[in-house]
Amino acid sequence: MSLILINLDKESTHSQSWRMIQSQNQRTKISKSRLFLIPFLFVWLVTPLMPETKERIVSLHGTITEIVYALKANPSLVAIDSTSRYPKESTALPVVGYQRTLTTEGILSFKPNIVIGLETAGPIQTLQNLRETGVQVTLFPDEFKLETPIDRVLAVGNLLGKKKEAESLVNQIRTQTQALQLKKTNVKVMFLYSRNPSSVFISGSGTAAHAMITLSGAKNAITEFSEYKPLTSEALVKANPDIILMPESSAEGFGGTKAIWSINGIELTRAGKEKNIILVDDLLLLGFGPRLPHALKTLNEKWKQFE
């Protein structure tokens, strides 16, 4: 009898121990599950306190768009203008129109609270209408200096709260600019701009094209006037350019190089006789953005081929 009792006691003790172990394991599982939930609880509690990205940016110039992407602020970009073609992924965004012929309704349809462009944006009434609705409109100077990209990057970075990224990009631009070894040349370059064969303009001083030609080491073939003026055969022959420089889109709109060589009087110039022409991406050539050092280096190397 006592033997049986002893066996029962052992069984009872074993059962109790087993229940204790199960209970401890259960508590351990619960404890682990609670630990597993802590990160999610933290996110759930903190998320409402985190500031949401509220900016809805519309860029009114290709250079501004390029800078916004370079500063990693593009997630807030909701629309661009038609000059925005770099980087390539920007072309997937909706377009509000050409930067000089903007409409209030076209821009407001994207519900922006920040609109950024250059002083060339317009018309003025459209910009005024935007400001009256409470939209922050910021326009930067349309300058053509070696320091222009740096000034623009810092300004956009400050506006969008991307100062650290702007400083990093500026350091890159400075390093690339300081590394430039541009050789001066007497090569005369004529810049042609056209949207269609019936409307061709040449660049005098005070333009982005003039600045790019001179900063890259060459000479502008046009010295008699400033800004852009319609091309005439007399001016073309008198200038006698060694090279014709054009944005790629202008050449395409004009009908290609074959159409360019049919311009009256061009056959009397060195450029026409030797078929010397350089086509460059519009924004790279005239944008004065972060890629300016690369553009200047590219042009300087091209000039050397025609000395």
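Use the structure listed above.
Residues numbered from 1 in each chain as written. Predicted model: local features only at pLDDT ≥ 70, side-chain atom pairs only at ≥ 80, totals over all residues. Heavy atoms only, no water.

Caption draft 1: Structural context of the overall build of the chain. A count of helices and strands for the chain gives 13 helices and ten strands. By the burial criterion, 41% of the 307 residues in the chain qualify as buried. In the chain, the proportion of contacts linking residues at least 24 apart, taken out of those at least 6 apart, comes to 59%. Taken as a whole, the chain presents about 17500 Å² of accessible surface, with 56% of it coming from carbon and sulfur. (Helix = DSSP H or I, 4+ residues; strand = E, 2+ residues; numbered from the N terminus. Buried < 20%, exposed > 50% of the residue type's maximum accessible area, 1.4 Å probe, protein only. Contact = heavy atoms within 4.5 Å. Areas by Shrake-Rupley, 256 points an atom, 1.4 Å probe, with all protein chains shown as cover.)

Caption draft 2: Representation of the side chain of Ser 216. Among the structural elements, Ser 216 can be located in the loop between α7 (208-215) and β7 (219-220). At a separation of 2.7 Å, a polar atom in the side chain of Ser 216 contacts the main-chain carbonyl oxygen of Met 212. Reaching out from Ser 216, the side chain makes a polar contact with the side chain of Trp 303 at a distance of 2.8 Å. Ser 216 has contacts with Leu 182, Lys 183, Leu 296, Leu 299, Asn 300 and Trp 303, leaving out every residue within four places of it along the chain. (Polar contact = N/O pair within 3.5 Å; in protein donor to acceptor, adjacent residues only side chain to side chain.)

Caption draft 3: Helix α5 (residues 148-159), seen in detail. Taking 1.5 Å per residue as the helical rise, α5 with its twelve residues ought to reach 16 Å, and the 16 Å between its terminal C-alpha atoms agrees with that figure. In this structure, the buried residues of α5 make contact with α2 (62-70), β3 (114-118), β4 (136-140), α6 (163-178) and α13 (292-304). Downstream of α5 by one or two residues, Gly 161 has phi in the positive range, about 70°. (Expected span 1.5 Å × (residues − 1).)

Caption draft 4: Expanded view of unusual backbone geometry. The step from Tyr 86 to Pro 87 runs through a cis peptide bond, and the omega angle for that step is -5°. Summarising the element assignment, Pro 87 is placed in the loop between β2 (77-79) and α3 (104-108). Here the residue pair Gly 122 and Pro 123 is connected by a cis peptide bond, since its omega of 5° sits within 30 degrees of zero. Among the structural elements, Pro 123 can be located in the loop between β3 and α4 (124-132). The phi torsion at Lys 72 lies on the positive side, around 60°, for a residue other than glycine. Residue position: Lys 72 is located in the loop between α2 and β2.

Caption draft 5: Here's a closer look at the pattern of salt bridges. Taken as a whole and assessed by the stated rule, the structure comprises six salt bridges. The residue Glu 165 makes a salt bridge to Lys 162 at a minimum N-O spacing of 4.0 Å. Glu 274 is the salt-bridge partner of Arg 270, the closest N and O atoms lying 3.1 Å from each other. Here Glu 274 and Arg 270 lie together in helix α11 (residues 270-274), a separation of four residues that amounts to about one turn. (Salt bridge = Lys/Arg side-chain N within 4 Å of Asp/Glu carboxyl O.)

Caption draft 6: Representation of empty space enclosed by the protein in the model. For the structure on display, the rule yields one cavity of 30 Å³ or more. Volume-wise, the largest cavity comes out at about 50 Å³. Forming the boundary of the largest cavity are Glu 66, Met 212, Leu 283, Leu 284, Leu 285, Gly 287, Phe 288, Gly 289, Pro 290, Arg 291 and Leu 292. Among the elements that take part in the lining of the largest cavity, helix α12 (residues 282-286) stands out by supplying three residues, more than any other. Of the residues contributing to the lining of the largest cavity, the split by class is seven nonpolar, two polar and two charged. (1 Å grid on protein atoms, 1.4 Å probe; cavity = no way out; pocket = protein on both sides within 12 Å on 5 of 7 lines; lining within 4 Å. Points joined across faces, edges and corners; volume = space filled by probe spheres on them. Nonpolar A, V, L, I, M, F, W, Y, C, P; charged D, E, K, R; others polar.)

Caption draft 7: Region of interest: α13. For α13, built from 13 residues, the straight-helix expectation of 18 Å at 1.5 Å per residue is met to within 8% by its first-to-last C-alpha distance of 19 Å. Those residues of α13 lying buried are Leu 292, Pro 293, Ala 295, Leu 296, Leu 299, Asn 300 and Trp 303. The arc that holds every buried residue of α13, seen down its axis, measures 160°, which confines them to one face. (Arc of directions from axis to C-beta.)

Caption draft 8: Representation of the pairing of β4. As paired strands, β3 and β4 are joined by five bridges and run parallel to one another. Looking at the pairing, Ile 116 lines up with Thr 138 of β4. In this fold, the crossover linking β3 to β4 by way of α4 has right-handed handedness. (Pairing = 2+ DSSP bridges. Right-handed = clockwise from strand over helix to strand, strands pointing away.)

Caption draft 9: Spatial organisation of the environment of Lys 184. Mapping Lys 184 onto the fold places it in the loop between α6 and β5 (188-196). Here the alpha-carbon distance between Lys 184 and Lys 219, two residues 35 residues apart in the chain, equals 9.0 Å.

Caption draft 10: Quick peek at the packing of aromatic side chains. Under the definition given, this model contains two aromatic pairs. Consider the rings of Phe 144 and Phe 288, whose centres lie 5.8 Å apart with planes at 55°: the pair is tilted. Taken together, the residues span a long stretch of sequence, with Phe 144 in the loop between β4 and α5 and Phe 288 in the loop between α12 and α13 at a distance of 144 residues. The class for Phe 144 is partly exposed, based on a relative accessible area of 25%. Take Phe 288: its relative accessible area is 2%, and that puts it in the buried class. Its guanidinium or amino end placed over the ring of Trp 261, Lys 275 lies 5.7 Å from that ring's centre, counting from NZ or CZ. Above the face of the Tyr 86 ring, Arg 291 is positioned so that its terminal group lies 3.6 Å from the ring centre. (Phe/Tyr/Trp six-rings, centres within 6.5 Å; stacked < 30°, edge-to-face > 60°. Lys NZ or Arg CZ within 6 Å of the ring centre and 35° of its normal.)

Caption draft 11: View of the environment of Glu 234. Within the fold, Glu 234 resides in helix α8 (residues 233-239). Counting along the chain gives 30 residues from Glu 234 to Asn 264, while the straight-line C-alpha distance between them is 9.3 Å.

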